[in-house]
Amino acid sequence: MKKGLCFFSIVFISLFPVYLQAAANVTVTPQRVVLEGNLRSQKLTLLNTGDKVGEFRVNVEPVYINEAGRYEKIINPNQEQLKTTRLFRVSPRKVLLKPGESQIVRVNSRKPSDLAKGEYMAALTIKPTDIEDKNQDASTKRAPTQSTVSVEMQVSVTLPLILRQGELDANISISEVAFAKDTNGQPALSVQLKRDGGRSINAYMEAHVEKNRNRQRIGKTWFVMYPPQAEATGLIPINLPQQFDANGSNLIISVTERQAGIHDGKVLGRAIFALE
């Protein structure tokens, strides 16, 4: 069904955060773990991209996602939140990496036989420890002076751990699209999205223009939505063809699952808008 093109305000979709706090820095791939169906474990690769030896602690922590899709740190977790963290096991819990060195960390699920149907989420945190202070003999430490004080920035990473029990579905409806500008002032499309279903979404969003059966992609981005977030507005940077004639053209917006295990490549939503 075709829809008219209209304007509305822009709200950025919240992504699961990577916190930048770099002497010993660490990067992690992939940046999202989804365990579902027969998939009970997944490997992560930690890489020290800094110029010094780094020691990193790997922990599973409770996580809360608010209705705006933003991650909130839990200071005093309740029993249910602690119970969710125990659904995941990581090994090893501490990693020592030289500059340029990598290490595999495995995430395993621990599902009890009576686990209820649904999606369960926790956070994997990878935080550096101060190994230089730990290895340095206290008697050799010098009191800092104005000429010797230095600050070294380090990176800690937080990424989502997701465990799904049972068959869970999700869909995206696309209600409105408007021409806009991205953060660099370049042309973009803002797209209003609504999530429906019992699980989170990690997806590509693409924009095509079509005229006389000739279709051309003009933009692509990706986004995530975690329950309980039901609505969001995404921004697609676009590059319109030269001498583009909107008269008689259609704008097609599609949303497709990415890096989503058994759902990878599934079309979650599609809408066609008539350009005038």
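Residues numbered from 1 in each chain as written. Predicted model: local features only at pLDDT ≥ 70, side-chain atom pairs only at ≥ 80, totals over all residues. Heavy atoms only, no water.

A closer look at the pattern of salt bridges
- One pass over the full model with this rule turns up eight salt bridges.
- Notably, a salt bridge pairs Glu257 with Arg199, separated by 2.5 Å at the nearest N-O pair. Highlighted residues: Glu257 in strand S18 (residues 250-257) and Arg199 in the loop between strand S14 (187-197) and strand S15 (201-211), separated in sequence by 58 residues. With respect to burial, Glu257 and Arg199 carry one shared label: buried. (Salt bridge = Lys/Arg side-chain N within 4 Å of Asp/Glu carboxyl O. Helix = DSSP H or I, 4+ residues; strand = E, 2+ residues; numbered from the N terminus. Buried < 20%, exposed > 50% of the residue type's maximum accessible area, 1.4 Å probe, protein only.)

Re the pairing of strand S10 (residues 102-109)
- In this structure, strand S4 (residues 41-48) lies alongside S10, joined through seven bridges in antiparallel fashion. In the strand pairing of S10, Ser41 is matched with Asn108.
- Looking at chain direction, strand S8 (residues 88-91) and S10 are connected through four bridges and run antiparallel. Bridge pairing links Arg89 to Asn108 in S10. (Pairing = 2+ DSSP bridges.)

Focus on the confidence of the model for the protein
- Of the residues in the protein, 80% reach a pLDDT of 70 or more, and the chain-wide mean stands at 82.
- For residues 1-22, every residue scores under 50 in pLDDT, and the model assigns this stretch 78 contacts once sequence neighbours within four places are set aside.
- Below pLDDT 50 for its whole length, residues 131-153 participates in 18 contacts with residues either more than four positions away or in separate chains. (pLDDT = per-residue confidence, 0-100. Contact = heavy atoms within 4.5 Å.)

Some points on the sheet that holds strand S11 (residues 118-129)
- Taking strand neighbours across the sheet as the criterion, the five strands line up as S3-S12-S11-S5-S9 in an open arrangement whose pairing is mixed. Strands with a single pairing partner mark the edges of an open sheet, and in this sheet they are strand S3 (33-35) and strand S9 (94-97). Strand-to-strand twist across the sheet, computed as the mean angle between neighbouring axes with direction ignored, equals 20°.
- Here strand S5 (residues 54-61) pairs with S9 via four bridges, running antiparallel. Bridging from a neighbouring strand, Glu55 pairs with Leu96 of S9. (Axes fitted to C-alpha atoms, helices over the stretch in contact; angles between N-to-C directions.)

A look at unusual backbone geometry
- Pro30 follows Thr29 through a cis peptide bond whose omega is -10°.
- Note on placement: Pro30 falls in the loop between strand S2 (26-29) and S3.
- Each neighbour pair has its own omega, and for Pro227 with Pro228 the value is 10°, a cis peptide bond.
- Checked against the element boundaries, Pro228 lands in the loop between strand S16 (214-225) and strand S17 (231-237).

So, the environment of Gln216
- Secondary-structure assignment places Gln216 in strand S16.
- Placed 35 residues apart in sequence, Gln216 and Leu251 show a C-alpha to C-alpha distance of 9.8 Å.
- Setting aside residues up to four positions removed in sequence, Gln216 forms contacts with Ala207, His208, Val209 and Pro241.

Looking at the sheet that holds S17
- Read from one edge to the other, the open sheet built from three strands follows the order S13-S14-S17, with strand pairing classed as antiparallel. Two strands close off the open sheet at either side, each with one partner strand: strand S13 (170-181) and S17. With direction set aside, neighbouring strand axes in the sheet form an average angle of 25°.
- In this structure, S13 lies alongside S14, joined through eleven bridges in antiparallel fashion. By the bridge assignment for S14, Ser173 is matched with Lys194.

Description of the packing of aromatic side chains
- For the structure shown, the criterion picks out zero aromatic pairs.
- Sitting above the plane of the Trp222 ring, Arg258 keeps its charged end 4.2 Å from the centroid. (Phe/Tyr/Trp six-rings, centres within 6.5 Å; stacked < 30°, edge-to-face > 60°. Lys NZ or Arg CZ within 6 Å of the ring centre and 35° of its normal.)

A short note on a positive patch on the surface
- A contiguous patch of positive charge, built from Lys83, Arg86, Arg89, Arg93 and Arg110, is present on the exposed surface.
- The topology assignment puts Arg110 in the loop between S10 and S11. (Patch = residues over 30% accessible without salt bridge, like charges linked within 9 Å, V, L, I, M, F, W, Y side chains within 5 Å. Areas by Shrake-Rupley, 256 points an atom, 1.4 Å probe, with all protein chains shown as cover. Lys, Arg positive; Asp, Glu negative; His and termini not counted. Charge placed at Lys NZ, Arg CZ, Asp CG, Glu CD.)

Topic: the side chain of Gln229
- Here Gln229 lies in the loop between S16 and S17.
- At 3.4 Å, the side chain of Gln229 forms a polar contact with the backbone oxygen of Glu231.
- Excluding residues within four positions of it along the chain, Gln229 makes contact with Asn66, Glu67, Ala68, Gly69, Arg195 and Val224. (Polar contact = N/O pair within 3.5 Å; in protein donor to acceptor, adjacent residues only side chain to side chain.)

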